Amino acid sequence: MSKTATYAKIASTTLSTSQLTVSFNSFSGYTDLICVVNMTRTQSGNNFSLRFNGDTGTNYSQVYFEADGTSVIPGRNSNTNAMRIAAIAGGFGTDQAMLTINILDYANATTYKSALTRYSQASTIVGTSAGSWRSSSAVTSFEIGAIGATANFAAGSVITLYGIQAVN
Amino acid sequence: MPLQLYKIASVEVGSGGQSSVTFSSIPQGYTDLKLVFSARSTRANAVEDLLISLNGNNTGMTNRNIYGDGSSATATTQGGANILTNGNSSTANTFGNGEIYIPNYAGSTNKSISIDTVSENNATTAYAQMVAFIKPNTDAITSVTLSSNSSSSFMQYSTFTLYGIL
């Protein structure tokens, strides 16, 4: 019997008030996760981060490649306490930014976990990043946003989580 | 679980070519839009520079753009143009590919657009590109148009497919 691959909406939220981070903790039964963020920030600050399972240890590293309209900016960080997945500037009340965060094979309990992110904010930055969480634990929750920082999700930001179920 | 990536419409350019491709009367019931294309234009150059228009215009659109050509990477900022695909001086029978993602297209905020493209060419002139666009207008998007910035036409077998993501 053939199966149909699915790309299913798990959760979606439109923020009624500003908040620093958004968390998801209920997404069993899929192979990969995709989180689509459409947001603004009204406070200054650039880093936009990801943390798995509440792990605050220095177990993250990331490499990124971005451009600000003038310069090409490559970079990497290691042994950080959250995965820096994007640079989204604050202080632009109506300047939408979007991110697509791919969390691959999140439920496996054998390998370290990866996140691939593509981010766009037309007034400031376009880029992509790849990050690693050095834990073989299955991902059961994740938090995104201004982790350890002050720049917020503004009210009206839309965050949607999709699950992809691979077929054999 | 239901499939939540729905094909809204698709266009395959015929033998006469086509100066632009428009998806109009876009249903407003999805969350995001994804437009994928495989294109080649009549421009006498290895690469074509496409324009994107939303609701019939690209007024006020700006972008941050990064592209690599195999030897260096360049960062630019521009108005409504600068989406790269294949021109007619690229390797024969070869088309560039791209994906245009528009989140929250039916909402009442300014519209951000994320675009990834490659132009394919068995030669030294080929590009991989990422673009962040914004259209500073809060109207819901009801139409999307792609056209040449050099007044060229899309060639036969160019394809464009619009998906709604629920």
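Residues numbered from 1 in each chain as written. Chains lettered and ligands numbered in written order. Predicted model: local features only at pLDDT ≥ 70, side-chain atom pairs only at ≥ 80, totals over all residues. Heavy atoms only, no water.

Section: the overall build of chain A
So, point 1. Across its full length, chain A holds 0 helices and 12 strands.
So, point 2. Starting at the N terminus and walking to the C terminus, you meet the elements of chain A as β-β-β-β-β-β-β-β-β-β-β-β.
So, point 3. Taking the principal axes of its C-alpha atoms as reference, chain A extends roughly 50 × 35 × 30 Å.
So, point 4. The burial tally for chain A puts 50% of its 168 residues in the buried class.
So, point 5. Carbon together with sulfur atoms contributes 49% to the accessible area of chain A, which is approximately 6900 Å² in total.
So, point 6. Charge separation in chain A, taken as the distance between the mean sites of 9 positive and 7 negative side-chain charges, equals 4 Å. (Helix = DSSP H or I, 4+ residues; strand = E, 2+ residues; numbered from the N terminus. Buried < 20%, exposed > 50% of the residue type's maximum accessible area, 1.4 Å probe, protein only. Areas by Shrake-Rupley, 256 points an atom, 1.4 Å probe, with all protein chains shown as cover. Lys, Arg positive; Asp, Glu negative; His and termini not counted. Charge placed at Lys NZ, Arg CZ, Asp CG, Glu CD.)

Remarks on the overall build of chain B
So, point 1. Looking only at helices and strands, chain B features 0 helices and 12 strands.
So, point 2. Reading the secondary structure of chain B in the N-to-C direction produces β-β-β-β-β-β-β-β-β-β-β-β.
So, point 3. Against the 2.2 N^0.38 benchmark of 15 Å for 166 residues, chain B shows a C-alpha radius of gyration of 15 Å, consistent with a compact globule.
So, point 4. Intrachain contacts of chain B at a sequence separation of at least 6 include 78% that bridge at least 24 residues. (Rg over C-alpha atoms; globule rule 2.2 N^0.38 Å. Contact = heavy atoms within 4.5 Å.)

Considerations on unusual backbone geometry
So, point 1. Unlike most non-glycine residues, Asn79(A) shows phi in positive territory, near 55 degrees.
So, point 2. With respect to the helices and strands, the residue Asn79(A) is situated in strand S6 (residues 72–80).
So, point 3. Located in the positive-phi region is Ser25(B), a residue other than glycine, with phi close to 50 degrees.
So, point 4. If you trace the backbone, Ser25(B) turns up in the loop between strand S2 (20–23) and strand S3 (32–39).
So, point 5. Ser25(B) gets classed as exposed once you look at its relative accessible area, which sits at 65%.

A short note on the sheet that holds strand S7 (residues 83–86) of chain B
All names here are of chain B.
So, point 1. With antiparallel pairing, 4 strands are arranged side by side in an open sheet as S2-S11-S4-S7. In the strand order of this sheet, the two ends are held by S2 and S7, each with one partner. Taking the axes of each pair of neighbouring strands and ignoring which way they run, one obtains an average angle of 25 degrees across the sheet. (Pairing = 2+ DSSP bridges. Axes fitted to C-alpha atoms, helices over the stretch in contact; angles between N-to-C directions.)

Concerning the pattern of salt bridges
Residue and element names in this part refer to chain B.
So, point 1. Counted by the stated rule, this structure contains 3 salt bridges over all chains.
So, point 2. Put simply, Lys34 and Glu99 hold a salt bridge, and the shortest N to O gap is 3.8 Å. With a gap of 65 residues between them, Lys34 in strand S3 and Glu99 in strand S8 (residues 96–103) connect regions that are remote in the sequence.
So, point 3. Classification of Lys34 as buried rests on a relative accessible area of 17%. (Salt bridge = Lys/Arg side-chain N within 4 Å of Asp/Glu carboxyl O.)

Some details on the interface of chain B and chain A
So, point 1. Of the residues lining the interface, 34 residues belong to chain B; the matching set on chain A comes to 34 residues.
So, point 2. The shortest N-O distance in the salt bridge between Arg118(A) and Asp116(B) comes to 2.5 Å.
So, point 3. Between the two partners, chain B and chain A, sit 10 residue pairs in polar contact (both at pLDDT 80 or more).
So, point 4. At the level of secondary structure, the elements contributing two or more residues to the side of chain B that touches chain A comprise strand S5 (62–68), strand S6 (73–78), S8, strand S9 (111–119) and strand S10 (127–135) of chain B.
So, point 5. Each residue belonging to the side of chain B that touches chain A can be placed in one class, and the counts come to 18 nonpolar, 13 polar and 3 charged. (Polar contact = N/O pair within 3.5 Å; in protein donor to acceptor, adjacent residues only side chain to side chain. Nonpolar A, V, L, I, M, F, W, Y, C, P; charged D, E, K, R; others polar.)

Quick word on the pairing of S6(A)
So, point 1. In the sheet, strand S5 (residues 60–67) of chain A pairs with S6(A) via 7 bridges, with the strands oriented antiparallel. If you follow Val63(A) over to S6(A), its bridge partner there is Arg76(A).

Observations regarding the side chain of Ser135(A)
All names here are of chain A.
So, point 1. On the secondary structure map, Ser135 appears in the loop between strand S10 (125–133) and strand S11 (142–145).
So, point 2. For Ser135, the side chain forms a polar contact with the main-chain nitrogen of Ser137, separated by 3.1 Å.
So, point 3. Among all residues touching Ser135, those that are not within four sequence positions of it are Thr111, Tyr112 and Lys113.

As for the packing of aromatic side chains
The geometry of an aromatic ring pair comes down to the distance between the two centres and the angle between the two planes.
So, point 1. Per the stated rule, a full pass over the model turns up 10 aromatic pairs over all chains.
So, point 2. Between Phe27(A) and Tyr106(A) the ring centres are 5.3 Å apart and the planes differ by 75 degrees, which places this aromatic pair in the edge-to-face class. Separated by 79 residues along the polypeptide, Phe27(A) in the loop between strand S2 (21–24) and strand S3 (32–41) and Tyr106(A) in the loop between strand S8 (92–104) and strand S9 (113–121) bring together distant segments of the chain.
So, point 3. A relative accessible area of 3% means that Tyr106(A) is categorised as buried.
So, point 4. Taken together, a centroid distance of 4.9 Å and an interplanar angle of 65 degrees make the contact between Phe154(B) and Phe160(B) edge-to-face. With respect to class, Phe154(B) is no different from Phe160(B); both count as buried.
So, point 5. By the ring-pair criterion, three or more aromatic residues cluster together here, those being Phe24(A), Phe27(A), Tyr106(A) and Phe142(A). (Phe/Tyr/Trp six-rings, centres within 6.5 Å; stacked < 30°, edge-to-face > 60°.)

Focus: the layout of surface pockets
So, point 1. In this structure, the largest pocket encloses a volume near 260 Å³.
So, point 2. For the largest pocket, the lining is made up of 16 residues, of which Thr100(A), Asn102(A), Lys34(B), Glu99(B) and Tyr101(B) are closest to its centre.
So, point 3. Residue assignment for the lining of the largest pocket shows that the elements contributing at least two residues are S8 and S9 of chain A together with S8 and S9 of chain B.
So, point 4. Classifying every residue of the lining of the largest pocket gives 7 nonpolar, 5 polar and 4 charged. (1 Å grid on protein atoms, 1.4 Å probe; cavity = no way out; pocket = protein on both sides within 12 Å on 5 of 7 lines; lining within 4 Å. Points joined across faces, edges and corners; volume = space filled by probe spheres on them.)

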